[in-house]
Amino acid sequence: MNWHARYLQQAAWTRDLRVYLFERAGLKTACRVLEVGCGTGAILRELSVPALHGLDLETGSLAECRVHAPAASLALGDGHFLPYPDKTFDIVYCHYLLLWVKDPLQVLCEMARVGSSVLALAEPDYSRRMDEPSALKPLGEWQTEALRRQGADPSFGASLAETFFQAGIRLIETGPIRGGAVVKSADDWESEWAVIQSDLAGFVPEREIQKMKKLDESVREDGTRALHVPTFFAWGKT
Ligand SMILES: C[S@@+](CC[C@H](N)C(=O)[O-])C[C@H]1O[C@@H](n2cnc3c(N)ncnc32)[C@H](O)[C@@H]1O
């Protein structure tokens, strides 16, 4: 699995929202910015501020991030215990992170402690995933279960605004990210299926996966496929 390619794809889905939110949060005049859970640098690589920082739990991701976002200062660390003094950053943000952490409230409290503006750019709610035609519903259920098995909370997105409030962050704007209900390009479709096959391997029989893949391909070609995972953002100030 090429994770950087996957993260770039996800970053493309949220680009318009990101541009809007970063502008509202004052990125143009910000000096110090941190991404918690920066992964391979899919978002960090786009930013240009005097002091750009990224933190992640995984050394492999940070090694890739060093290549893709050479201007950033990187740290190996856990978002539950950020290794920075209070109010170090003008902006602290995350992107597809909080569903993966043990205690999203603690991570948001830490983000609020070290930053003035806090942005969670994309947190999905797979419990409200829509798959049409309905013969493809098991695919959504399997993927949600796969996320659970990997340690994620697949419906965290629905609790994002409330968790901001609990973390003492003054919410300025929150809501679902606007987006289409189909996987658009052939490349997106192939990459989506690479993720599905890697996620489901081991607990869904290969012939069932292949059956779904064929069905997905045929309904995509005849234009009757719809797929939507409600995904939420929130931003606020401390
Ligand atoms: C889905 S990836 C997203 C990466 C990046 N934010 C992006 O959108 O391209 C989630 C990242 O969060 C990191 N992560 C998970 N739990 C973490 C934690 N407790 N502290 C810091 N990073 C964490 C993972 O190692 C992974 O790189």
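Refer to the structure printed above.
Residues numbered from 1 in each chain as written. Predicted model: local features only at pLDDT ≥ 70, side-chain atom pairs only at ≥ 80, totals over all residues.

### So, the overall build of the protein chain
Summing up its helical and strand segments, the protein chain has 8 helices and 9 strands in all. Computed over its C-alpha atoms, the radius of gyration of the protein chain comes to 18 Å, within 12% of the 18 Å expected for a compact globule of 238 residues. Dimensions of the protein chain, computed from the C-alpha atoms along their principal axes, are close to 50 × 35 × 30 Å. The buried share of the protein chain, reckoned over its 238 residues, is 36%. (Helix = DSSP H or I, 4+ residues; strand = E, 2+ residues; numbered from the N terminus. Rg over C-alpha atoms; globule rule 2.2 N^0.38 Å. Buried ≥ 20, exposed ≤ 12 C-beta atoms within 10 Å, placed from the backbone.)

### So, the nonpolar core
By size, the foremost hydrophobic cluster in this structure holds 51 residues, and its most contacted members are Val92 and Leu119. With residues near it in sequence (within four places) discarded, Val92 still touches Leu34, Val36, Met111, Val114, Gly115 and Val118. (Core = buried A, V, L, I, M, F, W, Y, C linked by C-beta atoms within 7 Å. Contact = placed C-beta atoms within 7 Å.)

### Considerations on the packing of helix H1 (residues 3-13) against helix H7 (residues 186-200)
It is the contact of H1 with H7, at a shortest axis distance of 11 Å, that shows an interaxial angle of 125°. Of the possible angle classes, the one that applies to H1 and H7 is oblique. H7 is crossed by H1, and the crossing has left-handed handedness. Note on element contacts: H7 touches H1 through Asp188, Ser191 and Val195, opposite Ala5, Arg6 and Gln9. Grouping the amino acids of the contact of H1 with H7 by side-chain chemistry returns 2 nonpolar, 2 polar and 2 charged. (Axes fitted to C-alpha atoms, helices over the stretch in contact; angles between N-to-C directions. Parallel < 35°, antiparallel > 145°, perpendicular 65-115°, else oblique. Left-handed = near helix turned anticlockwise from the far one by under 90°. Nonpolar A, V, L, I, M, F, W, Y, C, P; charged D, E, K, R; others polar.)

### Regarding the pairing of strand E4 (residues 89-94)
Extensive coverage of E4 is indicated by the burial of 5 of its 6 residues. One ladder, built from 3 bridges, connects strand E1 (residues 32-36) with E4; its direction is parallel. Note that in E4 the partner of Val33 across the bridge is Ile91. Direction of pairing for E4 relative to strand E5 (residues 115-124): parallel, over a ladder of 5 bridges. Pairing of Tyr93 across the sheet is with Leu119, part of E5. (Pairing = 2+ DSSP bridges.)

### A word on the site of the ligand
In the vicinity of the ligand there are 22 residues, among which Tyr7, Gly37, Gly39, Ala42 and Gly79 approach most closely. The set of elements that each furnish at least two residues to the shell around the ligand consists of H1 and strand E2 (51-56). The element best represented in the shell around the ligand is H1, accounting for 3 residues. When grouped by side-chain class, the residues that make up the shell around the ligand number 12 nonpolar, 7 polar and 3 charged. (Near = placed C-beta within 6 Å.)

### Regarding helix H4 (residues 104-114)
Residue pairs three or four apart in sequence face the same way in an α-helix, which turns once every 3.6 residues. When H4 is considered as a whole, its buried residues turn out to be Pro104, Val107, Leu108, Glu110, Met111, Ala112 and Val114. Here the buried face of H4 lies against E1, E4, E5 and helix H6 (160-166).

### Notes on the packing of helix H5 (residues 137-149) against H7
H7 packs onto H5 with a crossing angle of 60° between their chain directions and a minimal axis gap of 9 Å. As H5 runs across H7, the sense of the crossing is left-handed. Here H5 contributes Trp142, Gln143 and Ala146 to the contact with H7, which in turn contributes Ile196, Asp199 and Leu200. Partitioned by chemical class, the residues of the contact of H5 with H7 number 4 nonpolar, 1 polar and 1 charged.

### Remarks on the sheet that holds E2
Hydrogen bonding along the main chain pairs the strands of a sheet, whether they run parallel or antiparallel. Strands sit in the order E3-E2-E1-E4-E5-E9-E7 across an open sheet of 7 strands; the sheet is mixed. Of all the strands in the sheet, just strand E3 (73-76) and strand E7 (170-176) have a single pairing partner and so form its edges. Between one strand axis and the next, the sheet turns through 15° on average, direction left out of account. Helix-sheet contacts for helix H2 (residues 15-24) involve E5 and strand E9 (231-237), and the interaxial angle to E5 is about 165°. Docked against the sheet, helix H3 (residues 59-68) engages E2 and E3, running at close to 175° with respect to E3.

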